[in-house]
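One-letter residues, chain by chain:
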Amino acid sequence: MRKNIVAGNWKMNLDYEQGVSLFSEIVNMVKDEVVGSQEVVVCSPAIHLSSIAKLSSGVNNVHIGAQNIHEAESGAYTGEISASQVKSVGANHVILGHSERRAFFKETDALLAEKVNAALKHQLTPIFCIGETKEERESGRFFDVIKTQLEAGLFHLSATDFERVVLAYEPVWAIGTGLTASPEQAQEVHAFIRKTVAEQYGEAIAEDTSILYGGSCNPSNAQNLFSQKDIDGGLIGGASLKSRDFLDIAKVFNA
Ligand code: PEP
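Described below are features of the structure shown in this document. Here the residue numbers are simple positions, counted from 1 along each chain's written sequence. Predicted model: local features are reported for residues with pLDDT of at least 70 only, side-chain atom pairs are reported and counted for 80 or more only, and whole-chain, interface and lining totals are derived from all residues. Side-chain numbers come from the whole structure's heavy atoms, not from hydrogens or water.

What about the state of the cysteines?
The rule for a disulfide is simple: a pair of cysteine sulfur atoms within 2.5 Å. Here the structure, examined in full by the defined rule, presents zero disulfides. Unpaired in terms of disulfides, Cys129 finds its nearest cysteine sulfur in Cys43, a separation of 9.0 Å. Any residue under 20% of the maximum accessible area for its type is buried, any over 50% is exposed, and the rest in between are partly exposed; the area is computed with a 1.4 Å probe on protein chains only. Under the relative-accessibility criterion, Cys129 is labelled buried at 2%. Looking at Cys217, it has no disulfide partner, and the nearest cysteine sulfur is the one in Cys129, 14 Å off. Residue class for Cys217 comes out buried when judged on its relative accessible area of 6%.

Structure (structure tokens):
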């Protein structure tokens, strides 16, 4: 069964105390207000993971994740964090392929494929981001771009492994810009992603794949986006830093 997921991406924000305090608020609000079967995931900076894992322990519908891992098992990679280290503090998700990592850290599809393997090996659910730039949308090449990102980053996986991946369509032009894809624009791409997955892994797996939308999602536009047939939740940046906004987005799936 396809899951509805609302995942927050805190990016490089919040000091230790601020992060723990925001996460406590989120956990309490989820306990009081979330009544559906949706999952809430918080992807924090690495400094918070161990503490927030303890706060979410025993809360079934709240999960935590990292925002990146290194592809190697361990070793001389100063400043990096491995999948097994992330897993060891109690996290169970990791964002991979975010456009900021692709752009600022030059992460290629081939590297991301290795990171996906590392995540799955250590029982982390990859939230795998794909999406086109403004220029790629305007030139009409966006379907090709998205197909290539799927093929090169994920389609080496067996069907059993692919089923453990969550996808996030994040048009780069909509991230942190206040520009949101219209529900129709987003649905068009989500349907294309599902069709592309079906061609590779079959209809049943495609139907079960959760595909999140990300890009300036907020409490005012979440309802319209999430009511689209192929949109199964959101990856939320800015609005995940405010507990009230984040919860209001998660609560769209209460209905
Ligand atoms: C993101 O960074 O994944 C994101 C969707 O950011 P924002 O919601 O701020 O556009």
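A word on unusual backbone geometry
As a rule of thumb, non-glycine residues mostly have phi less than zero, and peptide bonds are mostly trans rather than cis. Of note, the phi angle at Gln123 is positive, near 60°, even though the residue is not glycine. Of note, Gln123 is situated in the loop between α5 (109-121) and β5 (125-130). Relative accessible area serves as the criterion here: at 48%, Gln123 is assigned to the partly exposed category. With a phi close to 55°, Ser216 is a non-glycine residue in the positive phi region. Going along the chain from the N terminus, every DSSP run of H or I of four or more residues is numbered as a helix, and every run of E of two or more is numbered as a strand.

Re the sheet that holds β5
Ordered in space as β1-β2-β3-β4-β5-β6-β7-β8, the eight strands form a closed barrel in which the pairing is parallel. Within this sheet the neighbouring strands show an average axis-to-axis angle of 25°, counted without direction. Should DSSP find at least two bridges between two strands, the strands are taken to pair. In this sheet, strand β8 (residues 233-236) lies alongside strand β1 (residues 5-9) in parallel orientation, the contact comprising four bridges. Within the sheet, the bridge partner assigned to Ile5 lies in β8 and is Gly233. By definition in these notes, contact holds between two residues if any of their heavy atoms fall within 4.5 Å. To get an axis, fit a line to the C-alpha atoms, keeping to the stretch in contact for a helix; angles then go from 0 to 180 degrees between the N-to-C directions. Seen against the sheet, helix α12 (residues 243-250) touches β1, β2 (39-43) and β8 and runs at an angle of roughly 155° to β1.

Note that all results are geometric; they support no functional claim without further evidence.
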